[in-house]
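# Coordinate inspection notes
These are the residues of each chain, in order.
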Amino acid sequence: MTIRQLDPADAAAMEQSYQLAVAVTQYDVPDFPTPSRQDHLARFEDPLAAALLAWEGGRVVGAASYQLPQSENLMYLDLVVHPQYRCRGIGTRLLEEVYAVARQHERGLIEVEAVRALPGGVARDEAGYRYLTNRSHRPGATSIRSRCQIADHAGGDAATLADGYSSPRCRAG
Ligand SMILES: CC(C)(COP(=O)(O)OP(=O)(O)OC[C@H]1O[C@@H](n2cnc3c(N)ncnc32)[C@H](O)[C@@H]1OP(=O)(O)O)[C@@H](O)C(=O)NCCC(=O)NCCS
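All of these numbers come straight from a predicted model, not from anything done at the bench.

Helix and strand content of the chain: 5 helices and 5 strands. When its helices and strands are written in sequence order, the chain yields β-α-α-β-β-β-α-β-α-α. Compactness check: the chain gives a C-alpha radius of gyration of 20 Å against a globular reference of 16 Å for 173 residues, more than 25% above the reference. Across its three principal directions, the C-alpha atoms of the chain cover 60 × 35 × 35 Å. When burial is assessed residue by residue, the chain has 15% of its 173 residues classed as buried. Pairs at least 24 residues apart make up 55% of the contacts formed inside the chain by residues separated by at least 6 positions.

The subject of this paragraph is the UniProt feature "domain: N-acetyltransferase" (unreviewed entry) in the chain. On the UniProt side, "domain: N-acetyltransferase" (unreviewed entry) is annotated at positions that read residues 1–149 here. Regarding residues 1–149, the helix share stands at 32% and the strand share at 22%, and the terminal C-alpha atoms are separated by 44 Å.

This brings us to the site of the ligand. Taken together, 21 residues are adjacent to the ligand, and Arg-86, Gly-91, Thr-92, Ala-127 and Gly-128 come closest. Residue assignment for the shell around the ligand shows that the elements contributing at least two residues are helix 1 (11–28), strand 4 (74–81), helix 3 (90–104) and helix 4 (127–133). Here the shell around the ligand gets 5 residues from one element, more than from any other, and that element is helix 4. Among the residues making up the shell around the ligand, the classes are represented as 11 nonpolar, 5 polar and 5 charged.

With that settled, the discussion passes to the sheet that holds strand 4. One open sheet accounts for 5 strands, arranged 1-2-3-4-5; its pairing is mixed. A strand with exactly one partner marks an edge of an open sheet, and here the two such strands are strand 1 (2–5) and strand 5 (109–112). Between one strand and the next, the sheet's axes are offset by a mean angle of 25°, whatever the strand orientation. Each of strand 2 (49–56), strand 3 (59–67) and strand 4 touches helix 1; the most contacted strand, strand 3, lies at about 90° to it. Most of the contacts of helix 3 go to strand 3, to which it runs at about 30°, and overall it touches strand 1, strand 2, strand 3, strand 4 and strand 5.

Looking along a regular strand, one sees side chains alternate from face to face of the sheet. Pairing analysis gives 4 bridges linking strand 1 to strand 2, with the strands arranged antiparallel. If you follow Arg-4 over to strand 2, its bridge partner there is Leu-53. For strand 2 and strand 3, the ladder comprises 8 bridges, and the chain directions are antiparallel. Across the sheet, residue Leu-52 finds its bridge partner in strand 3, namely Ala-64. Hairpin geometry of strand 2 and strand 3 is characterised by an intervening segment of 2 residues between the two adjacent antiparallel strands and by a positive phi of about 55° at Gly-57.

Let us now look at the environment of Ser-17. Within the secondary structure layout, Ser-17 lies in helix 1. Along the backbone, Ser-17 and Ala-63 are 46 residues apart, and their C-alpha atoms lie at a distance of 7.2 Å. With near-sequence residues (within four places) excluded, Ser-17 lies in contact with Leu-6, Ala-51, Leu-53, Val-60 and Ala-63.

Calculation rules
Residues numbered from 1 in each chain as written. Predicted model: local features only at pLDDT ≥ 70, side-chain atom pairs only at ≥ 80, totals over all residues. Helix = DSSP H or I, 4+ residues; strand = E, 2+ residues; numbered from the N terminus. Rg over C-alpha atoms; globule rule 2.2 N^0.38 Å. Buried ≥ 20, exposed ≤ 12 C-beta atoms within 10 Å, placed from the backbone. Contact = placed C-beta atoms within 7 Å. UniProt positions renumbered as here; feature names shortened; annotations may be inferred. Near = placed C-beta within 6 Å. Nonpolar A, V, L, I, M, F, W, Y, C, P; charged D, E, K, R; others polar. Pairing = 2+ DSSP bridges. Axes fitted to C-alpha atoms, helices over the stretch in contact; angles between N-to-C directions.

Right under this line is the structure:
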């Protein structure tokens, strides 16, 4: 396995990195929409965005995409390994390289997202979350995707609000 910086001018590598994002989404969050190719490619038009790709036999099997915001001490990271290539050390090798890039750019904080299951919600493989918390990453914030089945939703009036719901802030004064 070799790790190389993604060259945004390399159309074949860009396409492979997109196909990796599709495979990971279908495996880890099959109820999420398929990533948009256009959004994926547009990400790398930002000069502050870059990616390290893990290659195995001419195939992209892992990616660490990151952004280095200009005015902060942060690195935003998206780390993924193809489901068929997990548990072979690829994620760990990518993460080591990411730490080196962060140090090189004097970034003291790396932020990365992982999914977890909600009580009574869709089952999720929490390998990513456990992977991070086993490596001195600490949970920073929870982001919830809320869903409303339109078929069960009578309309936009107050009668559709859940039992017991009130909005004290809006009614005050
Ligand atoms: C997290 C991820 C990048 C790890 O990649 P990887 O190449 O499998 O990582 P490595 O082979 O270096 O290490 C495997 C680790 O994941 C754990 N792991 C992998 N699959 C697992 C599973 N299904 N259940 C539990 N643990 C699992 C292994 O126990 C090991 O952790 P440990 O070293 O703390 O014991 C990969 O699982 C992934 O792409 N997940 C989905 C994306 C994601 O959640 N990204 C955000 C978090 S980084």
